[in-house]
Amino acid sequence: MKRATLWPDHLLPDAGVPPPWPGRKVRLDGQVTYVRDTPATSTGAEPALFVHGLGGSSQNWTDLAGLLADRLDGQAIDLPGFGRSEPGRRYTIPAFADLVIRWIEHSGRGPVHLFGNSLGGAVSVQVAGLRPDLVRTLTLISPALPFLDFRRSLQGRMLPVLAIPGGERLVARRLTQLAPEVMAEQVLEACVADLSRICVQRREEALEEIRVRYEEAHYAAAYVRTFRGLVSSFLRAYLPGAGSLWRLAGAVRAPTLVVAGRQDRLVDVRVAPQTARVIPDSRLLMLDGVGHVAQLEVPRLVARAVVGLLTEKGDAVRPSDLAG
């Protein structure tokens, strides 16, 4: 493990505040999966795939994908049951990883630069550990790899729901009791350390995402069952067997960047350094005053670390980089 290299900020493009990237519905293995495309702005850009966290969507990557568009031809996927994708049959880390693998194979874009936040980080580790042929580099932002002290997560309060049959109905009832505006604010407060960094446009988009979720009858069940699957993967990680996410992390061979905020309220802040220690070719960036979704809160800083990784490994390098 080593410290992440930061590309000079003034050499990043001025991406402004783009709207959500255009998306499309794709039928994959009989199921509709929603994919957003961030078109590359230069020739020779390499393929990238972005995977969101629990309760998130492909929109979570709008800013970072835009900042990297001169190097990476980006796609962001909505996992089953989230965003605008149809509900899935199983909500487990292996099931989500299988979908990501199938999409990379189906799209014919592999190997890709793979990005994952939170739940998406755990999924991406599984993909990179099982299918190294599909991953050029790996970027993990607050990856939800296993930890057992749930007092270190606001989501620890969800644990009792897992033990109740039909717990998703309780979550659905809770959703209907809260106005979308209140729910959007609560989500941002849980995920972001400094809300002043989130502009009005992004707040309005977060509110619209909440409204979309309220319209989907499957959302509460997808959320609870995914959380249950995530907790199950945490417990298995400390038992014998091949299914441990920590063992899979040790099998990752792709050059890896691990980013986390020290004010993360959802994933134990000790997880990111441990992840960087376990993955052989890794570099770590810990950010003071940043929460769970650094790609939303400080996208330029995350982009600088990503470009530092790409430049170090000779991937997605522009002629101007070589000239400089």
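Residues numbered from 1 in each chain as written. Predicted model: local features only at pLDDT ≥ 70, side-chain atom pairs only at ≥ 80, totals over all residues. Heavy atoms only, no water.

Colleague: Can you break down the overall build of the chain residue by residue, with the values?
Modeller: Secondary structure assignment for the chain yields 13 helices and nine strands. Radius of gyration (C-alpha) of the chain: 18 Å, near the 20 Å computed for a compact globule of 324 residues. Viewed in the frame of its principal axes, the chain has a C-alpha envelope of about 60 × 45 × 40 Å. Buried residues in the chain amount to 58% of all 324 residues. Long-range pairs, those at least 24 residues apart, make up 78% of the contacts in the chain with a sequence separation of at least 6. Working note: accessible area of the chain is about 13400 Å², and carbon and sulfur atoms make up 54% of it. Side chains of the chain give 39 positive and 33 negative charges; the mean places of these two sets differ by 6 Å. (Helix = DSSP H or I, 4+ residues; strand = E, 2+ residues; numbered from the N terminus. Rg over C-alpha atoms; globule rule 2.2 N^0.38 Å. Buried < 20%, exposed > 50% of the residue type's maximum accessible area, 1.4 Å probe, protein only. Contact = heavy atoms within 4.5 Å. Areas by Shrake-Rupley, 256 points an atom, 1.4 Å probe, with all protein chains shown as cover. Lys, Arg positive; Asp, Glu negative; His and termini not counted. Charge placed at Lys NZ, Arg CZ, Asp CG, Glu CD.)

Colleague: Explain the pairing of strand E7 (residues 135–141) to me, and be specific about the residues and the numbers.
Modeller: Counting buried residues along E7, six of its seven residues qualify, which places the element largely inside the surrounding structure. Two elements, strand E6 (residues 112–117) and E7, share six bridges in a ladder whose sense is parallel. Directly across from Asn117, in E7, lies its bridge partner Ile141. Remark: the E6/helix H3 (residues 119–130)/E7 crossover connection has right-handed handedness. Where E7 and strand E8 (residues 256–261) come together, four bridges link them in parallel fashion. Looking at E8, one finds that Leu138 is bridged to Thr256. (Pairing = 2+ DSSP bridges. Right-handed = clockwise from strand over helix to strand, strands pointing away.)

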